[in-house]
Amino acid sequence: ILGIYVWKAKRNNPLNIAFGIFCLFVSLWIFFNFLWGIYQTSSLILISTYIVAPFIFISMFAWVNYIYRPKLSFKLKLLIWAAVVFNVVIGLFSLPSKLLIINVQNRFEFSTGPIFPLFTAYFIVLLLAFFIYYFYEYKHASLDLKKSLNIITAGVTLSALIGITVSFILPNFGYVNLA
């Protein structure tokens, strides 16, 4: 709802559009996690949850860029499109197959597929690229903008570290049952 409200305030503002898209992907991720809590043996829902997560950070690249400047640079456009294409390809190959998730017994017991380590590496590289870009832009921001972005930085960092640890790193070592 926040994303829609911000977008409707200035529909043509790229910052508002990027924030709205970011909120959409966060909402989809939350929705798939909610469904995963109900339908705990559905590998389709679990894979969908994993596939949506990188789109959150992809949309954050654009959102952070628009905070600082009115247009995306060519390099950032290229990075965003490469990440989107890679994520879509992984999703298209993973949904009908057992490449990302092999099987699901219940919410806390599932087996990862052969491309899960690659997907984990991709997600971590995407996250690191975001933080490098973010801190580079942050370094050149005005003092007022830095103050307001400190809260965003803390929230994103905490969420990312917990999410990556529980959802990506631990399953690579067979730790999926955290109950």
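See the structure shown above.
An account of the accompanying structure is given in this report. If you're wondering where the values come from, they're calculated on a predicted model, not measured in any experiment.

**Thoughts on the side chain of Thr120**
Moving on, step 1. Of note, Thr120 is situated in helix H5 (residues 116-139).
Moving on, step 2. Setting aside its immediate chain neighbours within four residues, Thr120 contacts Phe168, Ile169 and Asn172.

**Quick look at the packing of helix H4 (residues 74-94) against H5**
Moving on, step 1. Between H4 and H5, the shortest axis-to-axis distance is 12 Å and the interhelical angle comes to 160°. The orientation of H4 relative to H5 falls into the category roughly antiparallel. The two elements H4 and H5 meet at a crossing, and its hand is left-handed. For the pair H4 and H5, contact is made by Leu76, Ala83, Phe86, Asn87 and Ile90 and by Leu118, Phe119, Tyr122, Leu126 and Tyr133, respectively.

**Details of helix H2 (residues 14-38)**
At 3.6 residues per turn, the α-helix brings residues three or four places apart onto the same side.
Moving on, step 1. Its 25 residues give H2 an end-to-end C-alpha distance of 36 Å, which sits within 8% of 36 Å, the value for a rise of 1.5 Å per residue.
Moving on, step 2. Every buried residue of H2 is listed here: Asn16, Ala18, Phe19, Gly20, Phe22, Cys23, Phe25, Phe32, Leu35 and Trp36.

**What to know about the layout of surface pockets**
Moving on, step 1. The calculated volume of the largest pocket comes to roughly 750 Å³.
Moving on, step 2. Together, 30 residues line the largest pocket, and Trp29, Asn33, Thr49, Gly163 and Ser167 are the ones closest to its centre.
Moving on, step 3. Counting residues per element, the lining of the largest pocket draws most heavily on helix H6 (residues 143-172), which supplies 11 residues.
Moving on, step 4. For the lining of the largest pocket, the residue count by class is 23 nonpolar, six polar and one charged.
Moving on, step 5. Taken as a whole, the second largest pocket holds about 270 Å³ of empty space.

**Thoughts on the packing of aromatic side chains**
Moving on, step 1. Counted according to the given criterion, the structure contains 10 aromatic pairs.
Moving on, step 2. Residues Phe19 and Phe22 carry aromatic rings whose centres are separated by 6.1 Å and whose planes lie at 40° to one another, so their mutual orientation is tilted. Within this pair, Phe19 and its partner Phe22 are both found in helix H2, separated by three residues, close to a single helical turn. Per residue, the accessibility class of Phe19 equals that of Phe22, and both read buried.
Moving on, step 3. Plain terms: the ring middles of Phe130 and Phe131 are 5.5 Å apart, the flat faces sit at 65° to each other, and that makes the pair edge-to-face.
Moving on, step 4. We classify Phe131 as buried; its relative accessible area is 15%.
Moving on, step 5. Three or more aromatic residues joined by ring pairs form one cluster here, namely Phe57, Phe123, Phe130, Phe131 and Phe135.

**Brief notes about the nonpolar core**
Moving on, step 1. In this structure, Tyr50, Phe57, Leu100, Ile101 and Phe130 are the most contacted members of the largest nonpolar core, which totals 53 residues.
Moving on, step 2. Taken together, the elements giving at least two residues each to this core come down to H2, helix H3 (43-68), H4, strand E1 (101-106), H5 and H6.
Moving on, step 3. The contact partners of Phe130, leaving out residues within four places of it in the chain, are Phe57, Met60, Phe61, Val64 and Val156.

**Side note on a nonpolar patch on the surface**
Moving on, step 1. Together, Ile4, Trp7, Ile17 and Ile21 make up an exposed nonpolar region whose accessible area comes to about 340 Å².
Moving on, step 2. At the level of elements, helix H1 (2-9) and H2 are the ones that each hand at least two residues to the nonpolar patch.
Moving on, step 3. Among the structural elements, Trp7 can be located in helix H1.

Calculation criteria
- Residues numbered from 1 in each chain as written.
- Predicted model: local features only at pLDDT ≥ 70, side-chain atom pairs only at ≥ 80, totals over all residues.
- Heavy atoms only, no water.
- Helix = DSSP H or I, 4+ residues; strand = E, 2+ residues; numbered from the N terminus.
- Contact = heavy atoms within 4.5 Å.
- Axes fitted to C-alpha atoms, helices over the stretch in contact; angles between N-to-C directions.
- Parallel < 35°, antiparallel > 145°, perpendicular 65-115°, else oblique.
- Left-handed = near helix turned anticlockwise from the far one by under 90°.
- Expected span 1.5 Å × (residues − 1).
- Buried < 20%, exposed > 50% of the residue type's maximum accessible area, 1.4 Å probe, protein only.
- 1 Å grid on protein atoms, 1.4 Å probe; cavity = no way out; pocket = protein on both sides within 12 Å on 5 of 7 lines; lining within 4 Å.
- Points joined across faces, edges and corners; volume = space filled by probe spheres on them.
- Nonpolar A, V, L, I, M, F, W, Y, C, P; charged D, E, K, R; others polar.
- Phe/Tyr/Trp six-rings, centres within 6.5 Å; stacked < 30°, edge-to-face > 60°.
- Core = buried A, V, L, I, M, F, W, Y, C linked by side-chain atoms within 4.5 Å.
- Patch = residues over 30% accessible without salt bridge, like charges linked within 9 Å, V, L, I, M, F, W, Y side chains within 5 Å.
- Areas by Shrake-Rupley, 256 points an atom, 1.4 Å probe, with all protein chains shown as cover.
- Salt bridge = Lys/Arg side-chain N within 4 Å of Asp/Glu carboxyl O.

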